[in-house]
Amino acid sequence: MTERKETPDILGAILSGATPPDQSSASLPVTVLPAAPVAPPVARAERAPRASAARQTSWEYLIVSFHEQNGWHARFVNGRELENWQRGPQLHDVLDQLGGDGWELINVVKSEPLYGTMDRLQAFFKRPQ
């Protein structure tokens, strides 16, 4: 096994302000810059409140359940079955219409029925009241 040459602690010498140990190879000149001044921390009580915290947004929510019958049709809206839902708009048309009315799609879940027996696709929407 060969002996390893000891590595000089150049970083420690720079941080302490001492001259770095001399190396046998050519070394670059090292300039130690003074530390930047650090502003004192601001206490929480001194911080200005955010504008959004001053006024809370209240939301209204909408759940649309879709039934698959020759395409995904909206069948239930907040638990109420739509009349003639089989001939109603399909999924993409419902999304366009609700988006135009200010509703934001926040989640879509494909799982067990929520309202009907075959409505395995639910879309959740919200908008400011």
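Let me begin by describing the structure that accompanies this report. (Residues numbered from 1 in each chain as written. Predicted model: local features only at pLDDT ≥ 70, side-chain atom pairs only at ≥ 80, totals over all residues. Heavy atoms only, no water.)

## Notes on the overall build of the chain
Quick note on the threshold: In this description a helix means any DSSP run of H or I spanning at least four residues, a strand means any run of E spanning at least two, and both kinds are numbered starting from the N terminus. A simple rule labels every residue: compare its accessible area, found with a 1.4 Å probe on the protein chains alone, to the largest value its type can have, and call it buried under 20%, exposed over 50%, or partly exposed in between. We call two residues in contact whenever any of their non-hydrogen atoms come within 4.5 Å of each other. Exposure was quantified through the Shrake-Rupley algorithm and a 1.4 Å probe, taking into account, for residues, occlusion by the shown protein chains and nothing else.
A count of helical and extended segments in the chain gives 3 helices and 5 strands. Across the chain, helices and strands are ordered from the amino to the carboxyl terminus as α-α-β-β-β-α-β-β. The burial tally for the chain puts 16% of its 129 residues in the buried class. Sequence separation of at least 24 residues holds for 43% of the intrachain contacts in the chain that already meet a minimum separation of 6. Surface accessibility of the chain: about 10700 Å² in total, with carbon and sulfur atoms responsible for 53%.

## Re the sheet that holds strand β2 (residues 72-77)
The condition is simple: Note on pairing: DSSP must find at least two bridges between two strands before they are called paired. Comment: axis = line fitted to C-alpha atoms, over the contacting stretch for helices; angle = value between 0 and 180 degrees taken between N-to-C directions.
If you walk across this open sheet you meet the 5 strands as β3-β2-β1-β5-β4, and the pairing is antiparallel. Of all the strands in the sheet, the pair left with one neighbour each is β3 (80-81) and β4 (104-110). Relative to strand β5 (residues 121-128), strand β1 (residues 59-68) runs antiparallel, the two being bridged by 8 bridges. Its bridge partner lying in β5, S65 is registered against Q122. Seen against the sheet, helix α3 (residues 91-100) touches β1, β2, β4 and β5 and runs at an angle of roughly 165 degrees to β1.

## Structural notes on the pattern of salt bridges
Basically, it comes down to this: Between Lys or Arg on one side and Asp or Glu on the other, a salt bridge is scored when a side-chain nitrogen of the former is within 4 Å of a carboxyl oxygen of the latter.
Inspection of the entire model under this criterion finds 2 salt bridges. The closest approach of N and O atoms between E60 and R127, which form a salt bridge, is 2.8 Å. Placement of E60 in strand β1 and of R127 in strand β5 is noted, with a sequence separation of 67 residues between them. Taking relative accessible area as the criterion, E60 reaches 27% and is therefore assigned partly exposed.

## Quick notes on the packing of aromatic side chains
This is how it is decided: Side-chain rings of Phe, Tyr and Trp (the six-membered ring for Trp) are treated as a pair once their centres are within 6.5 Å; stacked means planes under 30 degrees apart, edge-to-face means over 60, and tilted covers the remaining angles. The criterion is that NZ of a Lys, or CZ of an Arg, lies within 6 Å of the ring centre and within 35 degrees of the ring normal, and then a charge sits over that ring.
The tally for this structure, following the rule as stated, stands at 0 aromatic pairs. For K126, the ring lying beneath its charged end belongs to W59, and the centroid distance is 4.0 Å.

## Focus: the environment of L105
Within the secondary structure, L105 sits in strand β4. What makes L105 partly exposed here is its relative accessible area of 39%. It is 4.5 Å that separates the C-alpha atoms of L105 and F125, two residues lying 20 residues apart in sequence. When near neighbours in sequence (up to four residues on either side) are disregarded, L105 contacts L95, A123, F124 and F125.

That's the geometry; what it means functionally is another story.
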